[in-house]
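# Fold and geometry: a report
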Amino acid sequence: MARLTEENVRLAREIIGRYPKPRSATIPLLHLAQEQDGYVTNEAMSHIGELVGASSAEVFGTASFYEMFKFEPVGKYLINICGTMSCALLGAEELMHHAEERLGIKMGSTTADGKITLERAECQAACTEAPCLQVNYRYRYRVTPDQLDSLIDDLSAGNLSSEIPAHGVVASVRQHIPADRAVGAVAPELVTENPVWLDGKAAL
Amino acid sequence: MTTIDTTDTNDLPPQDPNAVSITINGRTVEARKGDFIIAAADSVDEYIPRFCYHPRMSSVGMCRQCMVEVEGPRGPMMVVSCMTPVADGQVVRTDTPQVKRAQEGMIELLLANHPLDCPVCDKGGECPLQDQAFSHGAGESRFVEEKRHYEKPIPISDLVFLDRERCILCDRCTRFADEVAGDPLISFTQRGNNTQIMTFPDEPFASYFSGNTVQICPVGALTASPYRFKARPWDLEQRESTCTTCSVGCRTVVQSSRDELLRYQGVDSDPVNWGWLCDKGRFNFQSTNSDDRLSSPQIKSGDSFAASSWSDALESVARVIRHSREGSIAILGGARGTNEDAFMWGALADAAGVTMRDAQLDDGLPASVFSYAQATIDSACAGGTVILLAPDIKEELPVLYLRLRDAVQKKRIRLIEISSHETGLTKYAWKSIRAESGTAAGAIPALLVQADIAAQLASGPVVVVAGRANLAESASHSMDALTAVLAVVPSASVLPVLRRGNVRGALSLGLAPRNGNDAATILEASAKGNVDCLILLGADPLSDVADVDLARRGIAGAKFVVAIDTFLTASASHADVVLPAAAYGEKDGTTMNLEGRVTSVVQKITPHGTSRADWMIAVELMTLLGHESNFTTLADIQHAMSAAVPGFGSTTTAVAIKRDGVVVSVTPPSSAPSATSVAGPRNSYEFRLDLSRKLFDRAIGTITSPSLANLASEANVFIHPLDLDRVGAAEGTNVRVSNSHSSIVLPVRALSSIPRGTAWVPFNQIGADVRELVRRNESIVDVRIESM
């Protein structure tokens, strides 16, 4: 729980190698950090800054732009219940109340055993399947309170662990790019000119 | 009157290929390709409202306040004038109803969440948002909703506070931190309506330049602790002046209210500071207001001082001078005063036959460094190569660091750094070469003929930034290194970076050593009992001379010590007579920066107590000593100065009142060529001591400024991590640092930027004084480090 592990530093260097500028790897490395700890720790952000040549504040600035990076511990399973129009019309509020009563926590908080976090989400683009929710960003459609109960039962019992990995794991299969296919990082001081789109004066 | 047009069209200068002619509100405006519309409009005083645009930083188009109308192929279109470059024939209008509507709309949106706490906001009265809401706003808002509320204020550093609800997200502070200062420690965080400026948790905005963000903040979101709630802008009176904290000579405006200094703001001087200041220069005005200032002359009786009248104190000094043996009077210092102070003390020294004088305290270079072809900051930053043989510029001359860093970032120059450890400029250097103290001069000839370096040096002008990097290394090593560079690149010019604000002025105007009798020689003579009267002119040898033992012996050996200072410094407390001197902001005059640029310094408040300007004290003493002196005003001195000092013409002082000043070249009396030193090889069990200054230390002006007093760090000895293993000490534990002279105990820290075999100790920090190990007659200092 802190900086990236040795194994993850190795992966981080491989990821950095895919981009011409190390900074471009910031977001993939934040995912790596979130996979490691379940959320993005301050120490990991400082570490990423060291790896890509940015200050901690810049990494934090980038990371905090994105809702899906969490900076405080969340449960192993993050349940996002959609609360936008279609879902709201088809019972999302009831679903949320039910989840709150079932788990004994308010939306936005985590169960005492650290298993489940409830969150209210904006539209998840499954309006035809309302009300919908996501468990660690895996969809469940047309969810009734009963189905929610059995989902929570399954999650608690560990029945879904093969389908739904712990929060932070983006994909169960990690993509590897062989070293000979990597772009190879160019140290910033060796980049002699900006790409044209970065030169404000060339814009017009 | 008739004029005859004699212009021959053939004599016209060739058409500038980058010249562009545009029309703004019907006026033809000449601009250059690449300029933005807003800059072209500024050049003819067509004001376009703006919040995020700053001429010294890149444009980002964040605030959308500077929308103007440009004629396009399909009629007028709205563009952001800070992001749109000029083009030949462009027709711009800044005053149409559409433009006005856009401006009013933007102001209304910016004010939707901006609190109307102007009556209690420090910015109120000088606030671009407030001013432009009046000048370009609709007057009334349609928003009736509750505004945002945040916890306030948040300290984002020891000096700067953030009121988030006032922030309009213009990106000026974050851009400054990233682009100009190179310390991107603040950043936009969150998103959309929740976007905020924030530091990383537990990593404060500890930049040496943080005060600039407060100055350029277009609202009251960033405020600095020394000025918070101290005054209202309309109560401030101000005069333009020059900062004399270091020798860069940044232009400032000194602001006061009710006879108390309250704030300095940077003024944009194109050849010098571009509007920026460092935090030390910006906030150390607090020391002028300090209650610890000397307020009346003090005469020592027994072990304590008794306040006296000026006439008694001056008479006792004059009596001592009168009865001193010939050639036994010494003057140390003068580099903290004005040119006029230095000139009058030089004149007094000449009249009284003072042979021993030095404006530096054995921590600079011989004045002969001015006899080389001289560079300016602009010429160093213009192009070619800059060779750094200097102390850490970021620590000692912060605004010069900004200029050099900018020139590197814009790919105008390449830096070659030759230093004993990494500095603030190392990561911007094209080549950064480690040379152990005492070995640089020997390494340079081979180094500079390496193919790539030689090609770089041949490709354009070369400027050598020369100073005294390591205080535990004698000046002769620095001069040898400079000579070695100039032997390879004879066409190079030199930018001398000496310590203290007006060191160049003092050396040029009469306080340079005569016949090689520099500060160390003077102190040595004093230790031997050959100094009957030692005058410390704003000098504190006990705190500043690297060989503290020499300083102690020198002060103790002097028969009579006169200290002219603003505070009772360590050395002044050993004086027999202490005369209170007027501080910065309390006297008028001129100063000379490291380039030789003469600019004005001004009086803004009444001198503390009965303190007087140094030149007045010199004039009084001259009169008491029976020398004819017709000096009663500053103008008398400037008149005499322009007659006596070649290059310091009568126009200089008049021109110097203007912003950018004027560069003059005064050749100080030639000093005896310094002896070449050869440093013996270092015993591999020992460490070579590297003693260098940091921006914040225990200097009197810093510790008497409450906001800066706590920024000095604990004294540590820094060595390479592998050396730490060799010493067998754990990080942070105390080690014994010793040589044949003395032994001190310091905590040890590992730092991979320190080469193996070097021990770096920052100068004058809190804790044991490493100067105990330094002896002036040894050109380098090697120490043993043992775990305890």
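Note that this is a predicted model, so its numbers are computed, not measured. (Residues numbered from 1 in each chain as written. Chains lettered and ligands numbered in written order. Predicted model: local features only at pLDDT ≥ 70, side-chain atom pairs only at ≥ 80, totals over all residues.)

### Re the domain arrangement of chain B
Residues and elements named next belong to chain B. So the rule is basically this: All domain edges in this entry derive from an automatic or database-based domain assignment. It is the C-beta atoms, placed from the backbone, that decide contacts: two residues are in contact if theirs lie within 7 Å. Secondary structure is summarised from DSSP: a helix means a run of H or I of at least four residues, a strand means a run of E of at least two, and numbering begins at the N terminus for each. Residues are grouped as follows: nonpolar covers Ala, Val, Leu, Ile, Met, Phe, Trp, Tyr, Cys and Pro; charged covers Asp, Glu, Lys and Arg; every other residue, Gly included, is treated as polar.
The domain boundaries assigned to chain B delineate domain 1 (16–95), domain 2 (146–281), domain 3 (298–355 + 502–511 + 526–663), domain 4 (367–371 + 382–494) and domain 5 (687–787). One C-alpha centre belongs to domain 4, the other to domain 5; they are set 24 Å apart. Taken together, the 20 residues of domain 4 in the interface contact 19 residues of domain 5. Residue assignment for the side of domain 4 that touches domain 5 shows that the elements contributing at least two residues are α10 (393–396) and α14 (475–488). In terms of residue class, the side of domain 4 that touches domain 5 is built from five nonpolar, eight polar and seven charged.

### A closer look at the packing of helix α12 (residues 440–448) of chain B against α14(B)
Residue and element names in this part refer to chain B. Formally: Simply put, an axis is a line fit to the C-alpha atoms, just over the touching stretch for a helix, and the angle between two N-to-C directions goes from 0 to 180 degrees. Roughly parallel refers to an angle under 35 degrees, roughly antiparallel to one over 145, roughly perpendicular to one between 65 and 115, and oblique to any angle outside these ranges. If you view the pair so one helix is near and one far, a crossing is left-handed when the near helix is turned anticlockwise from the far one by less than a right angle, and right-handed when it is turned clockwise.
Two numbers describe how α12 lies on α14: the axes approach to 8 Å, and their chain directions differ by 15°. Between α12 and α14, the interaxial angle falls into the category roughly parallel. The crossing of α12 and α14 is right-handed. The segment α12 lies against α14, with Ala440, Ala441, Ile444, Pro445 and Leu448 engaging His477, Asp480, Ala481, Ala484, Val485 and Val488. The residue makeup of the contact of α12 with α14, split by class, is nine nonpolar, one polar and one charged.

### Brief notes about the interface of chain A and chain B
Each side of the interface is counted separately: chain A has twelve residues, and chain B has 18 residues. With five residues, the top contributor of residues to the side of chain A that touches chain B is helix α4 (residues 56–63) of chain A. Here the side of chain A that touches chain B is composed, by residue class, of four nonpolar, six polar and two charged.

### Observations concerning unusual backbone geometry
The omega torsion across Ala130(A) and Pro131(A) is -10°, close enough to zero to call that bond cis. Following the sequence through the fold, Pro131(A) ends up in the loop between β2 (116–121) and β3 (133–135). The omega torsion across Lys152(B) and Pro153(B) is -20°, close enough to zero to call that bond cis. One can find Pro153(B) in the loop between α3 (128–136) and β6 (154–155). One non-glycine residue, Lys411(B), adopts positive backbone phi at about 60°. Counting through the fold element by element, Lys411(B) comes out in the loop between α11 (398–409) and β19 (413–419).

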